[in-house]
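These are the residues of each chain, in order.
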Amino acid sequence: MSTAIDILGGALLIIGAFFVLIGATGLLRLPDILTRIHGASITDTLGAGAILLGLAITAGWSLLTGKLLALLILMALLNPSASHALARAAVHGIRKPWLEKEES
Amino acid sequence: MILTIVLATLLVGMTAALIRAIKGPTVYDRILASNALGTKTILVIVVLGFLMGDPSLYIDIALMYVLIGFIGTVAVLKVSEFGDLGQSRSRTEGDQP
Amino acid sequence: MKAPLTLVIVLAGSWILLSGHWSFFLLSLGIASVVITVLCGIRLKIVDTESVPVHLLPGLIRYTPWLIGQIIQSSLHVARRVLSPKLPISPTIIHIDTQQTDALNSVSYANSITLTPGTISLDVGKDQIEVHALTRESAENLKSGLMAKKVRKMEGVR
Amino acid sequence: MLIEVVNVVILALLAVTALAAVRLNDLFAVTMMFGIYSLLATIMFVVLDAIDVAFTEAAVGVGISTVLMLGTIGLVGRRARKVSHRPILPLIVVIITGAALVYGTLDMPRFTDPTAPVHQHLGPYFLNESPDQIGIPNVVTSILASYRGYDTLGELAVIFTAGIGVLGLLGLRRRKRPGHEGGAR
Amino acid sequence: MNDNPVLRIVAKIIIPMILLFALYVQFHGDYGPGGGFQAGVIFAAGFILYGLVFGTEALRSAVPPHILRIFIALGLVLYAGVGVTTLLMEADFLAYNALSQDPVAGQHLGIFLVELGVGITVGAVMITVFLGFAGRNDP
Amino acid sequence: MTIAGLYNYWIVILLMMTGFYVVIASGNLVKKIIGLNLFQASVFILYISLGKIADGHAPILQAGISNYSNPLPHVLILTAIVVGVATTSLGLALVVRIREAYDTVEEDEIHDQDESM
Amino acid sequence: MIITQLPALQVVIPLIAAPLCLLLYRPLATWLLTVVTSATAMLISGLILAQVLDQGVIDYTFGGWAAPFGIAYRIDLVNAYVLMIVSTISTIVSVFARVSVASEIEAHNQGIFYTAWLLCLTGLLGIAITGDAFNLFVFLEISSLSSYVLIAMGNDRRSLTAAFQYLIMGTIGATFILIGIGLLYALTGTLNMLDLAERIPEVANTRTARAGFAFLTVGIGLKIALFPLHLWLPNAYAYAPSAVSAFLAATATKVAVYVLLRFIFSVFGKDFALDTMPLALGLAILGSSAVIFASAIAIFQDNIKRMLAYSSVAQIGYLILGVSLVSPAGLTATILHLFNHALMKGALFLALGCIAWRIGSSRLGDFKGLGYRMPWTMGVFLIGSLSLVGIPMTAGFISKWYLVLAALERGWWPVLVVILAGSLLAVIYVWRVIESAYLGGKDNEAQVGEAPLSMLIPAWILALANLYFGVSTDLSVGVATEAATTLFGAG
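Residues numbered from 1 in each chain as written. Chains lettered and ligands numbered in written order. Predicted model: local features only at pLDDT ≥ 70, side-chain atom pairs only at ≥ 80, totals over all residues. Heavy atoms only, no water.

Remarks on the interface of chain C and chain E
Contacts between the two partners involve 29 residues from chain C, matched on the other side by 26 residues from chain E. Roughly 2,600 Å² is buried in total at the junction of chain C and chain E, and carbon and sulfur atoms are behind 78% of that figure. For the chain C face of the interface with chain E, the top three residues by lost area are Leu18, Leu44 and Ile46 of chain C, together amounting to 23%. Inspection of the chain C/chain E interface yields 1 salt bridge. Close ionic contact of aspartate 48 of chain C with lysine 12 of chain E constitutes a salt bridge, the shortest N to O distance being 2.7 Å. For the side of chain C that touches chain E, the secondary structure elements donating two or more residues are α1 (2-19), α2 (24-43) and α4 (103-115) of chain C. Among the elements that take part in the side of chain C that touches chain E, α2 of chain C stands out by supplying 9 residues, more than any other. Classifying every residue of the side of chain C that touches chain E gives 19 nonpolar, 7 polar and 3 charged. (Contact = heavy atoms within 4.5 Å. Buried area = accessible area lost by both parts, 1.4 Å probe. Salt bridge = Lys/Arg side-chain N within 4 Å of Asp/Glu carboxyl O. Helix = DSSP H or I, 4+ residues; strand = E, 2+ residues; numbered from the N terminus. Nonpolar A, V, L, I, M, F, W, Y, C, P; charged D, E, K, R; others polar.)

This is the structure in structure tokens:
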């Protein structure tokens, strides 16, 4: 049982680390601010989520787990709000977003 | 061991975000980069807590960081959008004496 | 009067989660803290149903697994695009109908959109949301309206 | 070992951030750099076991200092004029100061050396006696509030001074100012 | 930013959490990182978020200047007052041992009160400073 | 060991001097304040480095751990951080007032205005 | 019981009065509180001085923790002496402040002004009394921050830039001091000054100790406004509100000089500080250049307040010269001059405050015929000037005399030349004012219009003190000699 949990936790951590790297790549490679927000948000959601979940699983059931989950919930609530506000400001602030096509 | 790998990738991620913060080119890129750095800082602190053997002491810092970091972002955006911490847009024309 | 009471319960739960100490002294401090917080909240006029959306909770429990699935799916989608050497992205801005009943639900919807990699909400209006999508596929996926329906259902179970 | 590596990486990132802050002329960007600097410093404090300090730096660096700097930039405008000539004198002053400090470190106890005087004299006393004399686990709090409580009173007086200073300089009343535009845009 | 429903609702949800967290930090400085100063800053940060999202004017009417002034002074008076109390109990300034029969209990009480003083003043000062800066360009 | 043990301090000194340079070389008052903050933050790192002990733990006492880093520098730096914030807020308040009085925050322009009076 | 608690009360009473002052907020009430508090502090410092003279060193611990673990005071004669200067000047000047401040500062800011005043007093007293290096830093910052606030309240916009410049340089100085204390702490593991003094000899021969000493000296030098680091001072004193100029000129730099003395003689020991490090020669050169250059610049000042500020820089040169002689006699001269200079600069700035209140200016051109329009005020100015120049029968003469004696004792002839040249330059810059005021032509239309008594009396108290301590030297010289012996013996 405990090994299964360890493996699950370890796998989650590795997945998280992987998505952190992808987020970093996206942050560097993507062409303009709006697309980069997409890149960064991968780290925010799946990267952070998987890492925190993995840690919560490996830590065993205690108050700490609760706090890790609280951290996760707060991040899930606040990060998208911040991203949204940033994107909204950016789309008004920059001259022309890098778009393939526009429809309305 | 796994934690070490995670920590290393987080540091790589931080470096990438820092490069983005320095390169810019727009203000929003820098805000985005520092935001991303903030997220990674939270994770680094939590992971360090586990590595150093007493995560429950460190998690409070991370919790606070999530809360405070959000305020920082809102402040940055407010200044970049309105040029001021104080105004709220709905009031810009109103109540002149 | 319902909102302050719910807030008290939520805050008390949070205190227990944070504190982890059960001594009389700290518990009474906990009560004091909750009272102070609620009083501050009332003073700031932020205590209403929007601030403690517990009525969404049952729906949220059903909604979250689906959202996580969506997140994983679109994460992989975006990851493939970002890692591919040619960077095959096609950023788009679209407007979609919120189809939500109140501001709280619109916000849940907007945040779900942002939370899903590949799409960010840009502007949340009364009945339309402006969305920036990294690829055309993400945009199409959103336009199908499945997420809007799921979010609307969240409130429906009340 | 791991900690040393993290230490070095973070220090390197700190150095890059600081140098970027020197180079940039957009005050907004400089402030962002400061925010990042404070983030990295927080990690540094965590690595060095100073979690109370990390907590404070995190709260202050992002929550207060950065917000205040942004507020100021909003009021005074965000472009700093480029320094037209290479300032030689400041560079000399800085190099001399830095050289003096490096010279001073040569005889310093080595980093993390447990035989350093710092770890021999006062520190052990606090760590050993605090449980009996004060009875709380966080030794930092017991020093801060009790052994050196008088310093903390002084610290509070400092923050009080800052508060009344801002009250006196900026005031809190709504002011009516005739046509004075200040803004980032 | 009041017209942005996302920020408005998120702020409404999160501000009570921030305030509660601040009080938690205030009262658990003995056991983990934190204490009066950090708590004051976080508490003020909650109000700062309110000011950012709902406008400075709203914040100013919620915490008017004269109340802030009282709180700024109150914390420092509380801190120094603990010291004066110990003086009156014929001990040294800030010697908390005198506050109770049991020296350790005295220390606990003293530290608690002192940290509370720090928290009050710091929180009030930070809100004041924010209002000073944010209210500067009001029309 | 000699070099490795000091390497840390030297980078911190580099950081300090970068901040110091910003303070004395830049003509923009806001940037000066930011430089002051960088300078002070680096001094804080120097202090905290002094308190670190090999394989140490954060100085919050727990059963079974005996090797703690020195808490005294932490206390000193907590105080110093507070002093730093106080200085920053006061300095920035002054900058705002200067801008209102002179309509600029560049040191040489302010100087010119005073001279021409 | 209360006697044993005096050292704590000395600092804590103004500290508690500050928040109360903020709560009161009304100008008159806060002023009254400030005066009463200052007077109480003066009373306490008098008692402490008497106690020290009577029983020797007073030890006091905070929180009941013994010396190196908690924060401890160790009050010897030097501490008590500086405390006396600070609290006395604060009392006299705060009485003066009422009318002056009412005319210079808006009513809604006066409460804050007096609060900042009390904090500044707290900080200065705290620096002067403490026996802990880090505690000294904290109180240094209290006094610095509050003086930035006080200076910025001047009604000229240049007061803002002056305060800002002071803030930047003061903070750099404080940070240098912090670095110095940090290096010492790394070497010795302690912060208590007595403990430091015991432990430094073991490590005196390290590069770290030298660097630490250098940083402390430069940092304190910035706070003192030692010659090349003086740039903040002239503007700060020139554009601050009159009462603040008088208060700070008479106390702030004095306290900083005290800190330098304390570190050189008590903490490091004179052997280390002045022999191992080439400080004696360095200080002598800096002190001499301060005297000559600052006096020379003072001659060309059109703003009299600014002129006096430069004169302060020059006077600091004398203080430093006394230190650089490294002899009990030199130190006596320095300590004596601390007191005498506080008296003369206090008197001069108070006189300027009266003038500023009456004619709203401190420009040389506006002084024409002032000797007839404000005879009493100009009387104070005249006495202060004579003392500044060092005419016999004034306090200024006494300290210069002792400085000359000390220089001769060491056989340092150049110092003698510097002192004479400095006095000569002082004659020139002071003469410009006197000439304009008395010989610049009597304006027949101008009425005699004096400043109110609440301003004149404090000014005259200081002026008469200048005369009194110029004639009856037993008290001041006696205490200074004993204090110098204490410091010198300690090293």
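Considerations on empty space enclosed by the protein
Enumeration over the complete set of coordinates arrives at 13 cavities of 30 Å³ or more. By volume, the largest cavity amounts to about 350 Å³. As for the largest cavity, its lining consists of 24 residues, of which Ser34, Asn35, Gly69 and Thr73 of chain B together with Val62 of chain D are closest to the centre. Elements with a minimum of two residues in the lining of the largest cavity: α3 (63-93) of chain A, α2 (27-51) and α3 (55-82) of chain B together with α2 (27-47) and α3 (51-76) of chain D. In terms of residue count, the dominant contributor to the lining of the largest cavity is α3 of chain B (7 residues). Of the residues in the lining of the largest cavity, the class split is 13 nonpolar, 11 polar and no charged. (1 Å grid on protein atoms, 1.4 Å probe; cavity = no way out; pocket = protein on both sides within 12 Å on 5 of 7 lines; lining within 4 Å. Points joined across faces, edges and corners; volume = space filled by probe spheres on them.)

Points about the interface of chain F and chain D
Opposite the 76 residues of chain F that make contact, chain D presents 88 residues. Interface area, chain F with chain D, both sides summed: about 7,600 Å², of which 77% is carbon and sulfur. In this structure, aspartate 49 of chain D and lysine 52 of chain F form a salt bridge, with 3.1 Å as the shortest nitrogen-oxygen distance. Connecting chain F to chain D are 15 residue pairs in polar contact (both at pLDDT 80 or more). Those elements that place two or more of their residues in the side of chain F that touches chain D are α1 (2-25), α2 (29-51), α3 (71-102) and α4 (107-116) of chain F. A per-element tally of the side of chain F that touches chain D places α3 of chain F first, with 24 residues. A breakdown of the residues in the side of chain F that touches chain D according to their chemical character gives 50 nonpolar, 17 polar and 9 charged. (Polar contact = N/O pair within 3.5 Å; in protein donor to acceptor, adjacent residues only side chain to side chain.)

Notes on a nonpolar patch on the surface
Where nonpolar side chains cluster on the molecular surface, the patch consists of Ile70, Phe71 and Leu74 of chain E together with Leu20 and Leu23 of chain G and spans about 410 Å² of accessible area. Put simply, the parts of the chain that give the nonpolar patch at least two residues each are α4 (65-88) of chain E together with α1 (6-24) of chain G. Looking at the nonpolar patch element by element, the count peaks at 3 residues for α4 of chain E. On the secondary structure map, leucine 23 of chain G appears in helix α1. (Patch = residues over 30% accessible without salt bridge, like charges linked within 9 Å, V, L, I, M, F, W, Y side chains within 5 Å. Areas by Shrake-Rupley, 256 points an atom, 1.4 Å probe, with all protein chains shown as cover.)

A closer look at the packing of aromatic side chains
Applying the stated rule across the entire model yields 46 aromatic pairs over all chains. Each ring, one from phenylalanine 213 of chain G and one from phenylalanine 268 of chain G, has its centre 4.6 Å from the other, and the planes form 75°; the classification is edge-to-face. Of this pair, phenylalanine 213 of chain G sits in helix α8 (residues 207-224) while phenylalanine 268 of chain G sits in helix α10 (residues 242-268), and the two are 55 residues apart along the sequence. Classification of phenylalanine 268 of chain G as buried rests on a relative accessible area of 5%. Through successive ring pairs, a cluster of aromatic residues spans Tyr150 of chain D, Phe93 of chain E together with Tyr60, Phe62, Tyr73 and Phe139 of chain G. The side chain of arginine 157 of chain G reaches across the aromatic face of tyrosine 102 of chain F, ending 4.0 Å from its centre. (Phe/Tyr/Trp six-rings, centres within 6.5 Å; stacked < 30°, edge-to-face > 60°. Buried < 20%, exposed > 50% of the residue type's maximum accessible area, 1.4 Å probe, protein only. Lys NZ or Arg CZ within 6 Å of the ring centre and 35° of its normal.)

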